[in-house]
Amino acid sequence: MALLKVKFNQKKRVKLAQGLWLMNWFSVFAGILVFSMGLFLKIELRKRSEVMDNSESHFVPNSLILMGILSCAFNGFAGKICYDSLDPAKFAKWKPLLKPYLALCFFFNILIFFVALICFLMRGSLESTLAQGLKNGMKFYRDTDTPGRCFMKKTIDMLQIEFKCCGNSGFKDWFEIQWISNRYLDFSSKEVKDRIKSNVDGRYLVDGVPFSCCNPSSPRPCIQYQVTNNSAHYSYDYQTEELNLWRRGCREALLHYYSSMMSSMGAVVLLVWLFEMSVMVGLRLLHTSLESITNPEDPECESEGWILENSLKDTLKSMLESLKKIGKFNQVEAGAEGAEGEEGGKTPAITTVS
């Protein structure tokens, strides 16, 4: 028994073809939207590529761009088929291509669904990428005189100001690295010498943070140096007082920004996938309803359309049998080739009579 069998007359076939033509052009615009989202995400990721450890994060935007291009191509082609299906003479040339085209549409829809899932599941990979990238970026913050790294200070400062964050996981991350360039340190000062000597790696570490960590909404002047020294500031308690520094780490801020963006895009791609599935089902019904016309000379006669010619169980069973036959055929061919090789390797025995 056919799956989702529907009876059609000429009027219903025309309405289905016209509706599918319109839906395919909506899908073309949806493809442009997916392409635009991928392009926007790629630009956003490239803006902060200096604080990202690898290029794996670009898999999502690249996939969205590719799916957008393919969606425009597939649906534009399907729209042409639906338009020509109104004329039996024009539709005849598309008949041999419809089955391969529908198979391609099926695999294309699987890819769209996969991309939608990836948009939701990229959070873990993105978090590790940002963690390592921010760690390296903070390490190079002081290298304002080093070619290739002189921009890093500005990048980190602008990032902390824009996203209202400080450090990688929090402001204390700045205590563990030397973020002040040696160019601005007085090495004749006893304090500087003592701090460098007290560190195994010979770095100048302070309990301070860059100015970009300061929260301008705080009524108190920014305390960015000697953050943990209560006696260095009037009426100040490091343990209890709410600091006027950004509490949130930049990894969390960026992860939330990109994750929410990718989740929204994933939801849009999922809607596009549902729309594409409905277009594919409609095109299959149109294809089978036109092929099952018993009398081509009478275009007004009734016909039947279906998704699968047999039930889902029977279709899967026939597919498995076909795969088994292909496997057996390959085994027979391999056995025949082996037998031929053995026969070719034998040399006939020659008996000589003297």
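Residues numbered from 1 in each chain as written. Predicted model: local features only at pLDDT ≥ 70, side-chain atom pairs only at ≥ 80, totals over all residues. Heavy atoms only, no water.

Considerations on the state of the cysteines
Taken as a whole and assessed by the stated rule, the structure comprises 3 disulfides. Paired by a disulfide, Cys165 and Cys250 hold their sulfur atoms 2.1 Å apart. Across the S-S bond of Cys165 and Cys250 the torsion is about 85 degrees, and the bridge reads as right-handed. Of this pair, Cys165 sits in the loop between helix H6 (152-163) and helix H7 (190-197) while Cys250 is found in helix H8 (residues 250-291), placing the two residues 85 residues apart along the sequence. (Disulfide = S-S within 2.5 Å. Helix = DSSP H or I, 4+ residues; strand = E, 2+ residues; numbered from the N terminus.)

A short note on the confidence of the model for the protein
On average, residues of the protein score 82 in pLDDT, and 81% of them are at 70 or above. For the protein, the element scoring lowest by mean pLDDT is helix H9 (residues 312-345), at 61; H6 scores highest, at 93. In this model residues 349-354 is a low-confidence stretch, pLDDT under 50, and it forms 0 contacts with partners more than four residues away in sequence or in other chains. (pLDDT = per-residue confidence, 0-100. Contact = heavy atoms within 4.5 Å.)

Some remarks on a nonpolar patch on the surface
Together, Trp21, Leu22, Trp25, Phe26, Phe29, Ile32, Tyr83 and Leu86 give the surface a local cluster of nonpolar side chains, amounting to about 830 Å² of exposed area. Top element by residues in the nonpolar patch is helix H1 (residues 10-47). It accounts for 6 residues. Here Tyr83 is to be found in helix H2 (residues 59-84). (Patch = residues over 30% accessible without salt bridge, like charges linked within 9 Å, V, L, I, M, F, W, Y side chains within 5 Å. Areas by Shrake-Rupley, 256 points an atom, 1.4 Å probe, with all protein chains shown as cover. Salt bridge = Lys/Arg side-chain N within 4 Å of Asp/Glu carboxyl O.)

Structural notes on the packing of H1 against H8
Running from amino to carboxyl end, H1 crosses H8 at an angle of 155 degrees, the nearest separation of the two axes being 9 Å. The angle between H1 and H8 falls in the class roughly antiparallel. Of the two elements, H1 crosses H8, and the hand of that crossing is left-handed. Here the residues of the contact of H1 with H8 sort into 26 nonpolar, 5 polar and 3 charged. (Axes fitted to C-alpha atoms, helices over the stretch in contact; angles between N-to-C directions. Parallel < 35°, antiparallel > 145°, perpendicular 65-115°, else oblique. Left-handed = near helix turned anticlockwise from the far one by under 90°. Nonpolar A, V, L, I, M, F, W, Y, C, P; charged D, E, K, R; others polar.)

Observations regarding the packing of aromatic side chains
Taken as a whole, this structure holds 12 aromatic pairs when the rule is applied. Taken together, a centroid distance of 6.0 Å and an interplanar angle of 70 degrees make the contact between Phe171 and Phe175 edge-to-face. The residues Phe171 and Phe175 share a single accessibility class, namely buried. When the ring of Tyr257 is compared with that of Tyr258, the centres are 5.1 Å apart and the planes differ by 65 degrees; the resulting orientation is edge-to-face. (Phe/Tyr/Trp six-rings, centres within 6.5 Å; stacked < 30°, edge-to-face > 60°. Buried < 20%, exposed > 50% of the residue type's maximum accessible area, 1.4 Å probe, protein only.)

Quick notes on the UniProt feature "transmembrane region" (unreviewed entry) in the protein
Under the local residue numbering, the UniProt record ascribes the feature "transmembrane region" (unreviewed entry) to residues 20-41, 101-122 and 255-275. Secondary structure content for residues 20-41 is 100% helix and 0% strand, while the C-alpha to C-alpha distance between its ends is 31 Å. Taken end to end, residues 255-275 has its terminal C-alpha atoms 30 Å apart, with 100% of it in helix and 0% in strand. (UniProt positions renumbered as here; feature names shortened; annotations may be inferred.)

What about empty space enclosed by the protein?
Tallying each qualifying case throughout the model produces 2 cavities of 30 Å³ or more. Put simply, the largest cavity is a space of about 80 Å³. Forming the boundary of the largest cavity are Asn24, Phe74, Asn75, Ala78, Tyr101, Cys105, Phe108, Asn109, Glu276, Val279, Met280 and Leu283. Those elements giving two or more residues to the lining of the largest cavity turn out to be H2, helix H4 (95-121) and H8. Considered class by class, the residues forming the lining of the largest cavity number 8 nonpolar, 3 polar and 1 charged. By volume, the second largest cavity amounts to about 50 Å³. Around the second largest cavity, the lining residues are Ala30, Gly31, Val34, Met67, Gly68, Ser71, Ile112, Val269, Val272 and Glu276. Mapped onto the lining of the second largest cavity, the elements with two or more residues apiece are H1, H2 and H8. (1 Å grid on protein atoms, 1.4 Å probe; cavity = no way out; pocket = protein on both sides within 12 Å on 5 of 7 lines; lining within 4 Å. Points joined across faces, edges and corners; volume = space filled by probe spheres on them.)

Comments concerning unusual backbone geometry
With a phi angle near 55 degrees, Lys164 is a residue other than glycine that sits in the positive phi range. Tracing the backbone through its elements, the reader meets Lys164 in the loop between H6 and H7. Not every positive phi belongs to a glycine, and Gln226 is a case in point at roughly 50 degrees. Note that Gln226 resides in the loop between H7 and H8. Assessed through its relative accessible area of 36%, Gln226 is described here as partly exposed.

Brief notes about the nonpolar core
Core analysis: the largest hydrophobic core is formed by 79 residues, its most contacted members being Leu41, Val60, Leu64, Trp174 and Val209. When contributions to this core are tallied by element, the ones reaching two or more residues are H1, H2, H4, helix H5 (123-139), H6, H7 and H8. Tallying contributions element by element places H8 first for this core, with 16 residues. Counting residues domain by domain, this core receives three or more from each of domain 1 (3-137 + 252-295) and domain 2 (171-247). (Core = buried A, V, L, I, M, F, W, Y, C linked by side-chain atoms within 4.5 Å. Domains from an automatic or database assignment.)

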